[in-house]
Amino acid sequence: MPSSEALNSSDTICAIATPSGGALGVVRLSGAKAISIANTLFSQDLTQAQGHSLHYGRVTDPSTGETVDEVMVSVFRSPRSYTGEDCVELSCHGSPYVLQTVLRLLLDLGARLARAGEFTQRAFLNGKLDLTQAEAVADLIASETRAQHRMAMSQLRGGFSRSLQELRSQLLRLTSLLELELDFSDQDLEFAPRSQLSSLCLEAEQRVQSLVSSFRDGNALREGVPVAIVGAPNVGKSTLLNALLQDDRAIVSPVEGTTRDTVEDTLVIGGTLFRIVDTAGIRHAKDSLERLGIERSLKAAARARIILIVTEPGVPEPVIPTTPGQTVIHILNKTPSFQAINGTGLKELKEQLLASAPQPTEGQTVVSNLRHYEALRLALSDLQRVRKALGEGTSAELVAEDLRLCLHHLGEITGEEVTSDEVLSNIFSHFCVGK
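Computed from a prediction, not measured in an experiment: that's the story for all the values here.

1. As for the pairing of strand β9 (residues 272–278)
(1) Moving on: With 6 of 7 residues buried, β9 is to be regarded as a mostly interior element.
(2) Moving on: Bridging between strand β8 (residues 263–269) and β9 involves 7 bridges; their strand directions are antiparallel. The partner of Val268 across the bridge, within β9, is Leu273.
(3) Moving on: The loop that links β8 with its antiparallel partner β9 comprises 2 residues; one of these, Gly270, has a positive phi angle of about 55°.

2. Side note on a nonpolar patch on the surface
(1) Moving on: On the surface, a cluster of nonpolar side chains totalling about 310 Å² of accessible area is made up of Leu54, Tyr56 and Met72.
(2) Moving on: Its location among the elements puts Met72 in strand β4 (residues 67–76).
(3) Moving on: According to the relative accessible area criterion, Met72 is partly exposed, its value standing at 31%.

3. What about the packing of aromatic side chains?
(1) Moving on: For the coordinates displayed, the defined rule picks out 1 aromatic pair.
(2) Moving on: Relative to Tyr373, the ring of Phe215 has its centre 4.3 Å away and its plane inclined at 15°; by these criteria the two rings are stacked. Residue Phe215 is found in helix α7 (residues 194–223), and its partner Tyr373 is found in helix α11 (residues 370–392); the two are separated by 158 residues along the sequence.
(3) Moving on: The class for Phe215 is buried, based on a relative accessible area of 11%.
(4) Moving on: The lysine or arginine in question, Arg28, covers the ring of Phe119, its NZ or CZ lying 5.2 Å from the ring centre.

4. Some thoughts on the nonpolar core
Where a protein is soluble and globular, its nonpolar side chains tend to be buried together.
(1) Moving on: Leu171, Leu376, Leu383 and Leu410 are the most contacted members of the largest nonpolar core, which has 32 residues in total.
(2) Moving on: Put simply, the parts of the chain that give this core at least two residues each are α6 (159–183), α7, α11 and α12 (396–414).
(3) Moving on: Ignoring any residue separated from it by four or fewer positions in sequence, one finds Leu410 in contact with Leu164, Leu167, Arg168, Leu171, Leu376 and Ala379.

Rules used in this analysis
- Residues numbered from 1 in each chain as written.
- Predicted model: local features only at pLDDT ≥ 70, side-chain atom pairs only at ≥ 80, totals over all residues.
- Heavy atoms only, no water.
- Buried < 20%, exposed > 50% of the residue type's maximum accessible area, 1.4 Å probe, protein only.
- Helix = DSSP H or I, 4+ residues; strand = E, 2+ residues; numbered from the N terminus.
- Pairing = 2+ DSSP bridges.
- Patch = residues over 30% accessible without salt bridge, like charges linked within 9 Å, V, L, I, M, F, W, Y side chains within 5 Å.
- Areas by Shrake-Rupley, 256 points an atom, 1.4 Å probe, with all protein chains shown as cover.
- Salt bridge = Lys/Arg side-chain N within 4 Å of Asp/Glu carboxyl O.
- Phe/Tyr/Trp six-rings, centres within 6.5 Å; stacked < 30°, edge-to-face > 60°.
- Lys NZ or Arg CZ within 6 Å of the ring centre and 35° of its normal.
- Core = buried A, V, L, I, M, F, W, Y, C linked by side-chain atoms within 4.5 Å.
- Contact = heavy atoms within 4.5 Å.

Here it is, written out as structure tokens:
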């Protein structure tokens, strides 16, 4: 576990932990002096308060004796708190003046203003969360849809961590067998047949490959399932976008070629976020500007998870290159069964979009974090080298080195192998202040 003076500070930190504008606001403290500092301001004695207890009273300015607010104070004692340290939360009225005054008084008494994500960073450093769970806190706060919330909660509960721990245990067994052989290298002993080690390695490789492959679904659910609307000019692509969004997001005109660039917006269907892109009509370009728009249309289609090809009676569909894993939905617009302009067929189209989106099953581990994905790709490459080396009869010493490298990359995900303060600071800097 990383430990440095910068990260493992003994300071007592404080911050406003709730957004402005609400009826209530919470000011949070964490650190060795959290209870004593809060006690100086509070009308009741907190020094003997039990952990996980709630107290009603007044916050008073010690220098003037003036009552600032009537509050509820929650006390959490180390190690049974979010950060693993003594923590106090003051639930105040949501007045910006009240919250800023309480915060100023805490700073005057020796607390320090928390950096972004520092409460969760301390939870990680004190062993309350691993790094994947800490990052899930940020994802949970940022979640806007049911699918995003479900993924964040699964990771926060340790589903991904357990999968990695099982995998690391399996690889540690492999490493220990090889390193045991190294200890008896002068006796030419083999503690496990290479075929057995290769089989164990293949099993681990398949598990890592499954996690790597899940990133496509996880990233789509986290960032929004990419959907491209493509077709010939003037078949109703922009009208369809506006109808789906129930907003005049794209310019609609009977003049062909109105859309020269991509227009993008988001839509939530059944708890899943979709990122929908309206594109320029695809035809033989009449000028360089239109040609550029068509190139962008084809690029948008190539990146999309779902392609909506729109046409109308008498207008042929353009040929759109597709790749495995893409879903193509053909829409014949301006017909009795589908008319984007008045909403006919939209309900059925939304059902098709939802059915085409990734839907992780209960208990399935889905990777949605780019940092995790990159570490897993490196671990997969390590395992592939290990299995190849085992098949070629490479020395145990070299095979064990690749296994140790794989364990290192997997450990980086949970934080077991993270030693750089800069890496941790970068991760937690994306959190909000107060969390």
